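What follows is the residue order along each chain.
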Amino acid sequence: MPVEPPVVSPTSLAEAYALLAEGPITPIAGGTDLMVALTGELGEPPERMLDLWHLDELRGISLDGDAVVLGALTTYTLIRRSGLCREHLPALVEAAATIGAAQIQNRGTIGGNVVTASPAGDTLPVLLALDASLVCGSRRGEREVPATAFWPAYRQTALAPDELLLRIRFPLAAGRVTRFRKVGTRRAQSISKVVMALSYRDAGNAGPWTDVRLALGSVAPTPIRASATEAALEGKRPTPETADRAAETLAEELQPIDDVRSTAEYRRLVAARVLHRLIREAGGW
Ligand SMILES: Cc1cc2nc3c(=O)[nH]c(=O)nc-3n(C[C@H](O)[C@H](O)[C@H](O)COP(=O)(O)OP(=O)(O)OC[C@H]3O[C@@H](n4cnc5c(N)ncnc54)[C@H](O)[C@@H]3O)c2cc1C
């Protein structure tokens, strides 16, 4: 029988930082990823756990100047219920609604999704598409890392061992439109085969799309931005020709892997089709 590692529950961020500096200790938020690792079947279980659940500094959804800021402990249920998220981050609300089922949404946190760094993590493409940044903290102070630099390799993050993810900043951009799509085996409790977030500024009827961001999960060892496809969409309108060209570019640009959930060819084909459909929906044709 696996032995459950001891859990320490700090009551302040300063106390948490001190415990992390002593190390080794593994932060636990909702536990929906970490508890699965406790049996030791999926790698070394943690020696000690640092329970973050009572740290109010990691909670809250607020408007801070030109950004919406979510504490790392924000659960999917809170994201779905938040008026601020529904108004400014609809793609994140859509992503939250696809994660697990009610139990996971009540307990799982956006911070846990970010730090687990699974290439299939459903919120990660949304962070990339919205130019989000991750605020990390330790006894040495705070620093902000852009989402594009936060997942350097498979299941790795830019966090140092003594750092916590504190909050996530989503800068607001006037006229920005975002779209999200997840393809899985079922509608719920499903790990993504392909997950996509598209954002752009729409200048209106005849104007071009600008600041295009296309981010995907489950198609590479890390969540990625598809920069060649972004370039194919930049300055264009969502016409059938644009959709065809962008879908072709994406199919060429992606180099997914075969695994138990899908073949590489399926992922490439589906990603191209999903993008085509998102552009078609935006164009209304
Ligand atoms: C049945 C089931 C269904 C699921 N469905 C989905 C799904 O559809 N889509 C999806 O993307 N995921 C899914 N997941 C995975 C999981 O629920 C999410 O990744 C969730 O967001 C993890 O958050 P948590 O708070 O539970 O993280 P935890 O398990 O507490 O922690 C996860 C990791 O992050 C670290 N960590 C957590 N918070 C911090 C912090 N603030 N600072 C530093 N490190 C931190 C922990 O040390 C650990 O390494 C599912 C899991 C289960 C069990």
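The shown structure was predicted, so the numbers you read here are calculated from the model rather than taken from an experiment.

A. Expanded view of the overall build of the chain. Counting its secondary structure elements, the chain contains 10 helices and 12 strands. Its C-alpha atoms give the chain a radius of gyration of 19 Å, near enough to 19 Å, the size a compact globule of 285 residues would have. Its C-alpha atoms put the chain at 60 × 45 × 30 Å along the principal axes. In the chain, which comprises 285 residues, the share counted as buried stands at 48%. Within the chain, residue pairs in contact and separated by at least 24 positions form 60% of the contacts whose partners lie at least 6 positions apart. Accessible area for the chain stands at about 13400 Å²; split by element, carbon and sulfur atoms hold 52% of it. Looking at the chain, you have 31 positive and 33 negative side-chain charges, and the mean spots of the two groups are 6 Å apart.

B. Summary view of unusual backbone geometry. That bond from G23 to P24 is cis: its omega, -20°, falls within 30 degrees of zero. Considering the arrangement of structural elements, one finds P24 in the loop between α1 (13-22) and β2 (26-28). Positive phi, close to 60°, is recorded for A117, a residue that is not glycine. Positive phi, close to 55°, is recorded for D131, a residue that is not glycine.

C. Inspection of the pairing of strand β4 (residues 61-64) at higher detail. Pairing of β4 with strand β5 (residues 67-71), which is carried by 4 bridges, proceeds in the antiparallel orientation. Pairing of S62 across the sheet is with V69, part of β5. If you look at the hairpin formed by β4 and β5, you'll find 2 residues sitting between the two strands, and G65 has a positive phi there, around 60°.

D. Region of interest: the side chain of S199. Residue position: S199 is located in strand β10 (residues 194-202). Residue S199 is classed as buried on the basis of its relative accessible area of 1%. If sequence neighbours within four positions are ignored, S199 has contacts with A129, L130, R176, V177, T178, D211, V212 and R213.

E. The site of the ligand, seen in detail. The immediate surroundings of the ligand are formed by 31 residues, with P27, T32, D33, Y76 and T109 found nearest. At a separation of 2.6 Å, an oxygen atom of the ligand approaches a polar side-chain atom of D33. Protein burial of the ligand: of its 990 Å² of free accessible surface, 85% is covered by the chains. Secondary structure elements with two or more residues in the shell around the ligand: β2, α6 (110-116) and β8 (164-171). Broken down by element, the residue count for the shell around the ligand peaks at 4 residues, all from α6. For the shell around the ligand, the class distribution of residues is 14 nonpolar, 14 polar and 3 charged.

F. Representation of the state of the cysteines in the model. A complete count under the given rule lists 0 disulfides for this structure. Cysteine C85 shares no disulfide, and the gap to the nearest cysteine sulfur, in C136, comes to 20 Å. Residue classification places C85 among the buried residues on the basis of a relative accessible area of 0%. Judged by relative accessible area, which is 0%, C136 ranks as buried.

What counts and what doesn't
Along each chain, the written sequence defines residue order, and numbers are assigned to residues from 1. The predicted nature of this model means local features are confined to residues of pLDDT at least 70 and side-chain atom pairs, given and counted, to a pLDDT of 80 or more, with totals for whole chains, interfaces and linings taken over all residues. No hydrogens and no water enter the side-chain calculation; it runs on all heavy atoms of the structure. Secondary structure elements are taken from DSSP: a helix is a run of H or I of four residues or more, a strand is a run of E of two residues or more, and numbering for both begins at the N terminus. Only the C-alpha atoms count toward the radius of gyration. The rule for a globule is 2.2 Å times the residue count to the power 0.38. Note on classification: 1.4 Å probe, protein chains only; a residue is buried when its accessible area is under 20% of the maximum for its type, exposed when over 50%, partly exposed between these limits. Throughout, a contact is declared for two residues whenever any of their heavy atoms are within 4.5 Å. Each accessible area value is a Shrake-Rupley result obtained with a 1.4 Å probe; residue values ignore everything except the protein chains displayed when judging cover. Here Asp and Glu are counted as negative and Lys and Arg as positive; His is not counted, and neither are the chain ends. Just so you know, the charge point we use is NZ for Lys, CZ for Arg, CG for Asp and CD for Glu. Strands were regarded as paired on the criterion that DSSP finds at least two bridges between them. We call a residue near a molecule or strand as soon as one heavy atom of that residue lies within 4 Å of the molecule or strand. Here a polar contact means two N or O atoms within 3.5 Å. Within protein one must be a hydrogen donor candidate and the other an acceptor candidate, and residues neighboring in sequence count only if both atoms are side-chain atoms. Note on residue classes: Ala, Val, Leu, Ile, Met, Phe, Trp, Tyr, Cys and Pro are nonpolar, Asp, Glu, Lys and Arg are charged, and everything else, Gly too, is polar. For this text, the term disulfide refers to a pair of cysteine sulfurs within 2.5 Å.

All quantities given are derived from atomic positions and should not be read as evidence of function.
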